[in-house]
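# Residue-level structure breakdown
Here's the letter readout for the chains.
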Amino acid sequence: MSCTRRAFLKDAVGGTLASALPLGAFTLLSQDEAKAAIAESTVRWAFLVDTTKCVGCGLCVKACKNENEIPYDAPVMRTWVERYVITNDGQAHIDSPMGGRDGYTSMPLREDGEEIDPDDVSKAFFVPKLCNQCDNPACVQVCPVGATYQTNDGVVLVDRDWCIGCGYCIMACPYGVRFFHPEHKVADKCNFCYHRISKGMPPACVECCSFGARRIANLKDPDDPVTKIITTERVAVLKDEYGTKPHVFYLGLDANVR
Amino acid sequence: MKWHVLRPLWVAIALVGAILVARVFVVPDDFGVHGRNFTYGYHRLSNIQEWQDFPVKYQGREGCVECHDENVAMLNGSVHSKVECENCHGPGIGHPDDVESLPLNTTRELCLRCHARLDLPNTDRGELVNIVDRRHKRRQACTRCHNPHDPAEDMR
């Protein structure tokens, strides 16, 4: 078998061109397009809850309901405050009437209807809860219609025009922060007051907290004072074992908190 | 003889075709992958703007000080300095165009949110001035004696 130089070169060039053909399927992006494609943002919203500062006034829950037009007397809320009372027998008594909307003004009741005796309390504290704006949001993965999604700055939003109200996301959220909006008939959830934070204002619950128990942070800004606390102090997240990478960080979280 | 399976098959194929055609018209142009990947970023792009345009109700103290500078100054110098105006006066949206729209709350229940005595040892609740509701001037408005803008000032 012989091979002339001409035939070899022809086959080599032809073969190279043929194998390069699939490259036509790729698009060449400019630098800006590439940045947009990998969702580069200078903002990653996160939240810091200092449970040691919360006194259970519930003004955050009230403000949230007013700000986000959540029916005031419906038992649904975007944020709520839980009260944990651990008695000397080690039992945890957890309550959150109407999400703590009207504040906590009396001692919690035992299961038998008796008020807990202050001398019997070993520890007691409040835990505000809200959407964790997870990095791996389970609620977004299960949406069958693309009505809920994560923005480039980390907030999970619900498209009210696109949601079909199937409720998969409400089931999927391990933190139970999603609910069915009784008026719009769609899934609803805390979005860190996206309309406020994108204007440079704090979320309504942060603004109305008189005790500094709630704070908002931009994790991509190393000079943000709240980011400094999150990155340098001992903070905890809820249900870490689910792998959702929640972005609401807690100071002073207790093992009884679920 | 016609094969009886074919007819429903044509119907099914026509249905799928109709759905594919309808999809072109129903799905908005800006629907697609806009976030970091298909799993988390498949959505209608204009919805982000719709959420950003949601009306802001709580305006913050900066809005109040423009007209009510005396009250704000008094509040800022008091132990209540960290209490937002709108916690008691209600969300400032629509004010001052519609003065009646501010639902001022002077009820005892509002004050009791922080000042009802609760024996919860791991909170700062005990460090706030607190009362036992049924033992302190029952059913009377707190504002009859206390000035919420400066609670430490002499009783009214």
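All values reported here derive from a predicted model rather than from experimental measurement. (Residues numbered from 1 in each chain as written. Chains lettered and ligands numbered in written order. Predicted model: local features only at pLDDT ≥ 70, side-chain atom pairs only at ≥ 80, totals over all residues.)

### Description of the overall build of chain A
How we decide: In DSSP terms, a helix is any run of H or I states spanning at least four residues, a strand is any run of E spanning at least two, and both are numbered starting from the N terminus. With C-alpha atoms as the basis for the radius of gyration, the globule rule is written as 2.2 Å multiplied by the number of residues raised to the power 0.38. Here a residue counts as buried when 20 or more other C-beta atoms sit within 10 Å of its C-beta, as exposed when there are 12 or fewer, and as partly exposed otherwise, the C-beta atoms being derived from the backbone. Our contact criterion uses C-beta atoms placed from the backbone: two residues qualify when those atoms are within 7 Å.
Tallying secondary structure elements over chain A gives eight helices and 10 strands in all. Taking 18 Å as the expected radius of gyration for a compact globule of 258 residues, we find that chain A reaches 26 Å, considerably beyond that expectation. Seen through its C-alpha atoms, chain A measures out along the principal axes to roughly 100 × 40 × 40 Å. Taken across its 258 residues, chain A has 40% of its residues classed as buried. Residue pairs at least 24 apart in sequence account for 61% of intrachain contacts in chain A once pairs closer than 6 positions are excluded.

### A few points about the sheet that holds strand 1 (residues 45–50) of chain A
Residue and element names in this part refer to chain A. Selection criterion: Strands are treated as partners if at least two bridges between them are detected by DSSP. Helix axes are fitted to C-alpha atoms over the stretch in contact, other axes to C-alpha atoms as well, and angles between N-to-C directions run from 0 to 180 degrees.
On the basis of which strands lie adjacent, the open sheet formed by three strands has the order 9-1-10 and mixed pairing. Every interior strand has two partners, whereas the edge strands, strand 9 (214–218) and strand 10 (248–251), have only one. The sheet shows a mean angle of 25 degrees between the axes of neighbouring strands, direction not considered. The pairing of strand 1 with strand 9 spans five bridges and is classified as antiparallel. Within the sheet, the bridge partner assigned to valine 49 lies in strand 9 and is arginine 214. Together, strand 1, strand 9 and strand 10 form the strand contacts of helix 8 (residues 225–232), whose direction differs from that of strand 9 by roughly 90 degrees.

### Describing the nonpolar core
Rules: For the purposes of this analysis, a nonpolar core is taken to be any set of buried Ala, Val, Leu, Ile, Met, Phe, Trp, Tyr and Cys residues that are connected through C-beta atoms within 7 Å. Each domain span listed reflects an automatic or database assignment of domains.
In this structure, Phe47, Cys60, Ala63, Phe192, Cys205 and Cys208 of chain A are the most contacted members of the largest nonpolar core, which totals 71 residues. Residue assignment places this core across two domains, with domain 1 (45–134 + 190–251) and domain 2 (138–188) of chain A each supplying three or more. If we ignore the near neighbours within four places in the chain, the residues touching cysteine 208 of chain A are Leu59, Cys60 and Ala63 of chain A together with Tyr58, Glu84, Glu86 and Asn87 of chain B.

### Comments concerning the pairing of strand 3 (residues 92–95) of chain A
Residue and element names in this part refer to chain A. Sheet topology places strand 2 (residues 80–87) next to strand 3; four bridges connect them, and they run antiparallel. Directly across from isoleucine 86, in strand 3, lies its bridge partner alanine 92. Taken together, strand 2 and the strand that follows it, strand 3, pair antiparallel across an intervening segment of four residues, in which glycine 90 is found at a positive phi of about 85 degrees.

### Digging into the sheet that holds strand 2 of chain A
Residues and elements named next belong to chain A. Taken in spatial order, the three strands line up as 3-2-4 in an open sheet, and their pairing is antiparallel. Unpaired on one side and paired on the other, strand 3 and strand 4 (121–129) mark the two borders of the sheet. Taking the axes of each pair of neighbouring strands and ignoring which way they run, one obtains an average angle of 15 degrees across the sheet.

### Looking at the pairing of strand 2 of chain A
All names here are of chain A. Counting buried positions along strand 2 gives six out of eight residues, so the element sits mostly inside the fold. Pairing of strand 2 with strand 4 involves eight bridges; the strand directions are antiparallel. Of the residues in strand 4, the one forming a bridge with valine 85 is alanine 124.

### Considerations on the environment of serine 81 of chain B
All names here are of chain B. In this structure, serine 81 sits in the loop between helix 5 (69–76) and helix 6 (85–89). For serine 81, a count of 13 C-beta atoms within 10 Å corresponds to the partly exposed category. Note: C-alpha distance between serine 81 and glutamate 62 (19 residues apart in sequence) is 14 Å. Among all residues touching serine 81, those that are not within four sequence positions of it are Leu75 and Asn76.

### Some points on the interface of chain B and chain A
For clarity, the cut-off: Note that Gly is not counted as nonpolar here; it falls among the polar residues with everything else outside the nonpolar set of Ala, Val, Leu, Ile, Met, Phe, Trp, Tyr, Cys and Pro and the charged set of Asp, Glu, Lys and Arg.
Taken together, the contact pairs 39 residues of chain B with 44 residues of chain A. Taken together, the elements giving at least two residues each to the side of chain B that touches chain A come down to helix 2 (38–41), strand 2 (42–44), helix 3 (46–52), helix 6 and helix 7 (108–115) of chain B. In the side of chain B that touches chain A, the residues fall into 16 nonpolar, 10 polar and 13 charged.

### Observations concerning the domain arrangement of chain A
When the parts of a complex come together, some accessible area is lost, and that lost area is often taken as the interface size. Residues and elements named next belong to chain A. With domains assigned, chain A is organised as domain 1 (45–134 + 190–251) and domain 2 (138–188). Inter-centroid distance (C-alpha atoms) of domain 1 to domain 2 is 21 Å. Across the boundary between the two partners, domain 1 contributes 17 residues, which contact 12 residues of domain 2. Per-class residue counts for the side of domain 1 that touches domain 2 are 11 nonpolar, five polar and one charged.

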